[in-house]
Every structure is written in C-alpha cells, then in structure tokens.
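Coordinate inspection notes
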Amino acid sequence: MALSLTLPTVGGALAPYALRGTAPVKPDAGVKFNRIAYSAAHVVADPLAAIDPWLQCAVDWDTTIAYRRHLFSLGLGVAEAMDTAQRGMGLDWPTSLELIRRSLDAAKDVPGALVASGCGTDHLDIDSVKSVDDVIRGYEEQMAAIEALGGKLIVMASRALARVARSPADYERVYDRILSQAKQPVVLHWLGDMFDPALAGYWGTKDVDAAMDTALGIIAAHPDKVDGIKISLLDKDKEIAMRRRLPPGVRMYTGDDFNYAELIAGDGFGEEPTHGKSDALLGIFDAIAPAASAALGALAQGDNEKFHDILGPTVPLSRHIFAAPTRFYKTGVVFMAWLNGHQKHFTMVGGQQSTRSLQHFAELFRLADAANLLEQPELAVRRMKTLLALHGVEG
C-alpha cells in the first residue's frame, strides 16, 4: 500500500495525498565530473542552546559538518558560509569563520574535496560605514582570516559597498584592491536583489547590462586572480551573454536556481571552452545533492539524456523553494534536510523556519516526491505529519 497523508491544497482545503513510491536515484561511485560543482551548504541550528534565536546564533557543529562530509561523498564541493548558510540572516561573522575552519579541516580527510569560502563585510556595523575605504578594510579583515586558514575565497557581494558606492568607479577601486592582494584565484559573487534587496544597484547601476560591463571590466583587469564568477540573477539569457564574454579560462558558476539544468548542460557556443557551459555554485544542490551528483556523473559520461531525465524533475521543486520572497529559500533547503533525515529537527538559526507557510511546505513535499528526492519516504511522511499536527492538521 502506498504511503499517504493529508495535505492542505492551494485553496486552503485538505485532501489525501499518496506518495509515488519511486526510489531516489543512486549516483554511480567514483565518476569524475566534467563540471566543477559547488553546493552552497546550510547550517544546522542547535535547538537545545539557551539563547534568544532572533538575536543569537547557536550551531550544531557535529551535524553541520556531517552534512558537508555527505556532500563531499557525492563528489560535490562546498561553498561555505554563503547565503545558504544564512550569512546575513542569522549567521554572524565569528560563527562563519569557525564554520569555515571546521569545513576546511573536514575536507583534509577527503582527497580532492573542494571548499571555497565566503569573504564579505558583514561584520561591519553598516550604519558606521561611511566610505569605500571602510568597505575595503572590512573585506581585507575577512580575507586575511580566511587565507590564514588556507581557504579559497568567494568574494561576496557587500551590502555596505552597495550602500556607500556612488559610481561604478567605486566598485572598480574596491575589487582592484582585493583582487590584487588575493593569494589564489577567487570566485566573484553577484547576488541579485531578489536574493537580497540591500544589493539593489550592485556594480553601481540598476541597469543589468551596464552592471555586467563593469563586472567584466574588473575581471578583465585581473584575469589571473579570478577563477570565475557566480551570478544569481535568475535570468538565463543574461548569464549566457556574460559567460560568452569572460576572459579565457575564467568560469561562469551558475547561481540560477531556476534554470541550472540547461545552463550546466551548456550550448557549446563561444570562442573558449568555458564560454559554452556553466559550472555550478548552487544553493539548490544542498537540497537535491544525490540527484545532482547522479546527473553530473551522467553528463561526464556523455549521457545528456540521462542528465536531463534526472535533473529536469528537480527544477519545479527548486523554483518553488526559491519563489519570492527568494531570500527565504533557506527555509526550504533546511526543510528538505529534515525530511531526508540529515538532521533531527526543523529549527533554524534566527528562527527562520517561520518564514514559509504550511501550504508552501505541503507543495514542497509534493514536488520533492515528484522529483524522487525523498530518500526515506516513511520518515519523510512521519515528519510531514508532525509539522501538520503542529498546525492543527491531523491525519
């Protein structure tokens, strides 16, 4: 008999739902990917800590690092202390640095494991930031701390810079200073304002094409210091246009959680190999890690049809998780980790588990089932019933 439960519908009614019963895909062991693939990874809160969750941060370190080891085991790299880890939405800089340290230590036990870590300015009191020089000093402080651990940098978009910059020249000055000092090539980070409204007008303009010109100019001035750029604009055409203009060897890391399957598969166009495809640095890979690994393995073996067969059904789920307000997508990512048994509770840093509705979670559950992403269906049903009961829904 199929597993079933009662779920709320879009109209607010209750209706029975029976799971499909399709087993999740299992990645082939030992397959080397032909794309670099980072999963931005979530943090697991410590629900037993005696703190004020909206004001303080407590992390379950053992479970958080265990999830990173899980990602490594699937061949995925970890983009650490990024937006998915609630950077700027509950995770402070001291805790971020400790997270980076622990992840780098864990990676030492896994040959070939990739870790790149978020370097930003979020430790600054934004109301006290008055100049571009203040932003530079902020970046340099985090940069020094991460590089002292041997870490590779992801230079995160800065709320402080977006606030004080007056022109594209201010961005050029900041990034010129940071890139010229980097010990190894960095990943740049362009996060659209749908992910963070405080980043509106990044690169000195609200005109995306003009902003792209500024970013490309900065990269062209330092091609040896830029491994690639992650853009999260949820606009595949903008990403492809920028990808084809990157200097030789500089990668486009897709951050497009709406169109990642076709962007990773690529179109083969462009003068350089990196122009015809995107690598990946995605928050959704946290939630769909086994499927992402299996799909990337198929792509590496030349089976594009299998790649799309596996990854295609995950796209509707991702679009739902990242639906507006997009900045609350972390809640869906952690919800998936809870459903699949990677943590014992559905509690988040900053109390962020409250940012989505029961209807949102119900649809997420249905879409995860449709994409064959429920790793332990019986457990997932029990946990979904627990959440329903907390909202007064029995059955």
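Provided above is the structure to which this section pertains.
The notes below deal with the structure included here. (Residues numbered from 1 in each chain as written. Predicted model: local features only at pLDDT ≥ 70, side-chain atom pairs only at ≥ 80, totals over all residues. Heavy atoms only, no water.)

Examined against the element boundaries, Gln352 turns out to sit in the loop between helix 13 (329–339) and helix 14 (358–370). With relative accessibility at 16%, the residue Gln352 sits in the buried group. Apart from residues lying up to four places away in sequence, Gln352 is in contact with Gln86, Met89, Phe328 and Thr331. (Helix = DSSP H or I, 4+ residues; strand = E, 2+ residues; numbered from the N terminus. Buried < 20%, exposed > 50% of the residue type's maximum accessible area, 1.4 Å probe, protein only. Contact = heavy atoms within 4.5 Å.)

Bringing helix 6 (residues 208–221) into the picture now. The α-helix advances 3.6 residues per turn, and as a result positions three or four apart in sequence lie on the same side. Its 14 residues give helix 6 an end-to-end C-alpha distance of 20 Å, which sits within 8% of 20 Å, the value for a rise of 1.5 Å per residue. On the buried face of helix 6, the contacting elements are helix 5 (168–181), strand 7 (186–191), strand 8 (226–232) and helix 7 (236–243). (Expected span 1.5 Å × (residues − 1).)

Right, let's get into the packing of aromatic side chains. Summed over the entire model, instances satisfying the criterion amount to 17 aromatic pairs. Plain terms: the ring middles of Tyr202 and Trp203 are 5.2 Å apart, the flat faces sit at 75° to each other, and that makes the pair edge-to-face. As far as burial versus exposure is concerned, Tyr202 and Trp203 are alike and both buried. On the basis of an interplanar angle of 15° and a centroid distance of 4.2 Å, the ring pair of Phe322 and Tyr329 is categorised as stacked. When sorted by exposure, Phe322 lands in the same class as Tyr329, which is buried. (Phe/Tyr/Trp six-rings, centres within 6.5 Å; stacked < 30°, edge-to-face > 60°.)

This paragraph deals with the sheet that holds strand 3 (residues 37–40). Ordered in space as 3-4-5-6-7-8-9-10, the 8 strands form a closed barrel in which the pairing is parallel. Here the average twist between neighbouring strands, direction ignored, is 25°. Sheet topology note: the strand 9 (residues 251–254)/strand 10 (residues 279–282) ladder contains 2 bridges and is parallel. Counted as the bridge partner of Thr254 is Ala280 from strand 10. (Pairing = 2+ DSSP bridges. Axes fitted to C-alpha atoms, helices over the stretch in contact; angles between N-to-C directions.)

By the element assignment, Ser131 lies in the loop between strand 5 (115–119) and helix 3 (132–148). Sequence spacing of Ser131 and Pro313 is 182 residues, and the spatial spacing of their C-alpha atoms is 46 Å.

Another point: the packing of helix 10 (residues 289–300) against helix 11 (residues 304–311). Two elements in contact, helix 10 and helix 11, have axes separated by 7 Å at closest approach and are oriented at 165°. Taken together, the axis directions place helix 10 and helix 11 in an arrangement best described as roughly antiparallel. Relative to helix 11, the crossing made by helix 10 is left-handed. Facing helix 10, whose interface residues are Ala291, Ala292, Ala294, Ala295, Leu296, Ala298 and Leu299, helix 11 presents Asn304, Lys306, Phe307, Ile310 and Leu311. The residue makeup of the contact of helix 10 with helix 11, split by class, is 10 nonpolar, 1 polar and 1 charged. (Parallel < 35°, antiparallel > 145°, perpendicular 65-115°, else oblique. Left-handed = near helix turned anticlockwise from the far one by under 90°. Nonpolar A, V, L, I, M, F, W, Y, C, P; charged D, E, K, R; others polar.)

Under the counting rule described, the total for this entry stands at 21 salt bridges. The partner of Glu98 in a salt bridge is Arg102, and the shortest N-O contact between them spans 2.7 Å. Here Glu98 pairs with Arg102, and both are found in helix 2 (residues 93–107), just 4 residues apart, close to one helical turn. Of the residues examined, Glu98 reaches a relative accessible area of 23% and is grouped as partly exposed. A salt bridge links Arg173 to Asp133; the nearest nitrogen and oxygen atoms lie 2.3 Å apart. Here Asp133 lies in helix 3 and Arg173 lies in helix 5, a separation of 40 residues in the sequence. (Salt bridge = Lys/Arg side-chain N within 4 Å of Asp/Glu carboxyl O.)

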